[in-house]
Amino acid sequence: RTDRGGGSTGRVSRGRAVPARGRAAVGSPRPGPPAAMAARILHRLRHALAGEGGREEPAGGGGEAEDCPESSELEDDTEGLSTRLSGTLSFTSHEDEEEEEGDGASEELEEPPQAPGAAAGTEDGGRCWGGELGGLGLLTRQLQELWRRSRGSLAPQRLLFEVTSASVVSERSSKYVLYTIYLIRSGQFDKAPATIARRYSDFEQLNRRLRCRFSCDMASVAFPRKRLRRNFTAETIAKRSRAFEQFLSHLHSIDEIRRSPEFLEFFFLPDLQAAQRLTCTGMYREALATWANAYRLQDRLGVCNSGRFLLTLAGLAVCHQELDQLSEAHGCCEQALQLLEAQGSHPLLGPFLQAHVHLAWKVGKDKRHSEARLQDLREAGLPLQQQPSLKECLIKEPLE
């Protein structure tokens, strides 16, 4: 009811006073400028959709107030918007992840739909969307532009190192702890993770080699010290596991060290050597698993354009072919030839082309491009008849 006696600017609804629009209730905190703006928008939209023309209700009207104040609705909606934006905008350098996040970002950052009042050209609708939300539309366009620019950024993908298990190994004359470490790209799930198994002496050798070459960068890198006793207790193993994770993460964060042969070969060189030995002895199934893990390690470390990576593809192609998995072998040759596309001469170019032509004929794929490249090599004077096969190149390649 309205006090007609004079001067009351409030309404009474369900036993409690609700202040009229334009004045704050006594003892209640006044919403900040963004909260007040959004509260007015929600109020006008609600009345516009109800067909009331977006006009404010007079102070003396008999309508009842809302059960819940608009400020509480705004707080919930603001929190939800913040959550959606934080989960949508992910600026990383991995192409697959960018494409996946891009679809979500496009849907989430579309321009807000027009209110019915705005479409009809009413005064409140135009003021609401055109004036008060103009800043929000500008922010949306800025976010979209920032996201588009971020696709071309060269920021390195964050790599996590996690010690998943540690086992005590006893040999004839020695006893040591073998740490199994997973290499995990942040924000992704790997069905077949890249793993390494190293002992304390391997980490110590890496630390020593890096300190000899990068003394300044390594000054701030901590390494767990050697102990004379209690090396096999659960407490010592747990502390060293965490220390090795931090040690590798710190090394990977330094650009010069991350690209150095000492750091890279610590991860995949032992696998390449083991896979080569298994291939030479004809244990192709065991060799295939080792070549595949070396492939994943190099992929995680971002060195998929090196000579060692081409050798890994050669090992995978040979093992797949020996195990009668011709489609997989053909795919490895195609990937290698794409990497060699810009190179006019490479020791593995001829063997990969010959293997690709042979496998393409067996699986029924197009081989004309590889045949044309082989013809160009012949015209350039390369004796292809004397070229070793892919398997011979793989066995003869020294891995030190």
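Everything numeric in this text was worked out from a predicted model, so none of it was measured.

Quick notes on the rules
- Residues numbered from 1 in each chain as written.
- Predicted model: local features only at pLDDT ≥ 70, side-chain atom pairs only at ≥ 80, totals over all residues.
- Heavy atoms only, no water.
- Pairing = 2+ DSSP bridges.
- Helix = DSSP H or I, 4+ residues; strand = E, 2+ residues; numbered from the N terminus.
- Buried < 20%, exposed > 50% of the residue type's maximum accessible area, 1.4 Å probe, protein only.
- Lys, Arg positive; Asp, Glu negative; His and termini not counted.
- Salt bridge = Lys/Arg side-chain N within 4 Å of Asp/Glu carboxyl O.
- Polar contact = N/O pair within 3.5 Å; in protein donor to acceptor, adjacent residues only side chain to side chain.
- Contact = heavy atoms within 4.5 Å.
- Axes fitted to C-alpha atoms, helices over the stretch in contact; angles between N-to-C directions.
- Parallel < 35°, antiparallel > 145°, perpendicular 65-115°, else oblique.
- Left-handed = near helix turned anticlockwise from the far one by under 90°.
- Nonpolar A, V, L, I, M, F, W, Y, C, P; charged D, E, K, R; others polar.
- pLDDT = per-residue confidence, 0-100.

Participant: Can you break down the pairing of strand β3 (residues 159-170) residue by residue, with the values?
Facilitator: By the bridge criterion, eleven bridges tie β3 to strand β4 (residues 175-185) in an arrangement that is antiparallel. Following the sheet pairing, Ser170 is matched in β4 by Lys175. Following β3, the chain reverses through four residues before pairing antiparallel with β4.

Participant: Account for the side chain of Arg198, with residues named and values stated.
Facilitator: Along the chain, the position of Arg198 falls in strand β5 (residues 194-199). Although Arg198 is buried, it forms no salt bridge, and the closest oppositely charged side chain is Asp271 at an N-O distance of 4.8 Å. Within the local environment of Arg198, its side chain forms a polar contact with the backbone oxygen of Phe266, the two atoms lying 2.9 Å apart. Discounting chain neighbours no more than four positions away, the residues touching Arg198 are Val177, Leu178, Tyr179, Phe203, Phe266, Phe267 and Pro270.

Participant: Summarise the packing of helix α12 (residues 307-322) against helix α14 (residues 349-363); cite the residues concerned and give the values.
Facilitator: Packing of α12 against α14 leaves a shortest axis separation of 12 Å and a crossing angle of 30 degrees. Comparing the axis directions of α12 and α14 gives the class roughly parallel. Seen from above, α12 lies across α14 with left-handed handedness. Residue-level inspection shows Leu310, Leu313, Ala314 and Gln321 of α12 in contact with α14, the latter providing Phe352, His358 and Leu359. Tallied by class, the residues present in the contact of α12 with α14 amount to five nonpolar, two polar and no charged.

Participant: With reference to specific residues and values, describe the confidence of the model for the chain.
Facilitator: Per-chain confidence: the chain averages 74 in pLDDT, with 63% of residues scoring 70 or above. Counted against residues more than four places away or in other chains, residues 1-29, with its pLDDT under 50, gives 27 contacts. Between residues 152-156, whose pLDDT stays under 50, and residues either more than four places distant or in other chains, the model counts four contacts.

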